[in-house]
Amino acid sequence: MVTPRGWTGGGAGGTYEYRSPDGGAKLRIAPLEGAAVATLKDAQLLAGTGVAPTSRDLPPSPTRVGKLPAARGRFTGNDGRVYDVVAVQTSRGVVLFQTSVTTERPAYDAERLFNAVRQSIQAER
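This structure is a prediction, so every number in the text was calculated from the model and none was measured.

*Asks:* Residue-level account of the sheet that holds strand E5 (residues 68-77), with values.
*Replies:* Backbone hydrogen bonds hold the strands of a sheet together, and the pairing may be parallel or antiparallel. Ordered by their spatial adjacency, 7 strands build an open sheet running E1-E2-E3-E7-E6-E5-E4, and the pairing between neighbours is antiparallel. Whereas interior strands pair on both sides, the edge strands pair on one side only; in this sheet they are strand E1 (8-12) and strand E4 (53-65). Put simply, the sheet's adjacent strands are angled 15° from each other on average, direction ignored. With respect to the sheet, helix H2 (residues 107-120) is in contact with strand E3 (25-32), E5, strand E6 (81-90) and strand E7 (93-102), its orientation differing from that of E7 by roughly 160°.

Right under this line is the structure:
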């Protein structure tokens, strides 16, 4: 995973959090214990964020990260942010990549950010 240029943050306790220079965009990477990608619910995809989904912008759908099964969804949370989530099934469990932006951010800018983060997720070799 590669964070965009200028982002700051780091990890503690197995969870990593990064912020854009203006604070409007965030990336959270965290394990989800006791779950499987194939059975994840909306609330599980947003686990650890402290928000509940108020709408599904893109319903969760299966995808892959290299050879690993994954799921992807996009939600608007009750905090007014848009969350693009990729959940990857690893040999140790599920890892969540939760990218979010404020709703004030232009849609094309948010889409570029979400695409860049998704495309940079790689399976460990």
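*Asks:* Let's hear about the nonpolar core: which residues, and what values?
*Replies:* Nonpolar side chains in soluble globular proteins generally cluster together in the buried interior. Counting 17 residues, the largest nonpolar core has Val86, Val88 and Val101 as its most contacted members. Looking at this core, the elements with two or more residues in it are E3, E6, E7 and H2. When residues of this core are assigned to their parent elements, the largest contribution, 4 residues, is made by H2. With residues up to four places along the chain from it excluded, the contact list for Val86 reads Val65, Ala70, Ala71, Arg72, Val95, Leu96, Phe97, Arg118 and Ile121. Counting 14 residues, the second-largest nonpolar core is a separate cluster that includes Ala35, Leu45, Leu46 and Tyr83.

*Asks:* Just give me the short version of the side chain of Arg28, but keep the residues and values in it.
*Replies:* The residue Arg28 is located in strand E3 in this model. Polar side-chain contacts of Arg28 include one of 3.2 Å to the backbone oxygen of Ala47. Setting aside chain neighbours within four positions, we find Arg28 in contact with Thr15, Tyr16, Glu17, Ala47, Gly48, Thr49, Leu96, Phe97 and Gln98.

About the cut-offs
Residues numbered from 1 in each chain as written. Predicted model: local features only at pLDDT ≥ 70, side-chain atom pairs only at ≥ 80, totals over all residues. Heavy atoms only, no water. Pairing = 2+ DSSP bridges. Helix = DSSP H or I, 4+ residues; strand = E, 2+ residues; numbered from the N terminus. Axes fitted to C-alpha atoms, helices over the stretch in contact; angles between N-to-C directions. Contact = heavy atoms within 4.5 Å. Core = buried A, V, L, I, M, F, W, Y, C linked by side-chain atoms within 4.5 Å. Buried < 20%, exposed > 50% of the residue type's maximum accessible area, 1.4 Å probe, protein only. Polar contact = N/O pair within 3.5 Å; in protein donor to acceptor, adjacent residues only side chain to side chain.

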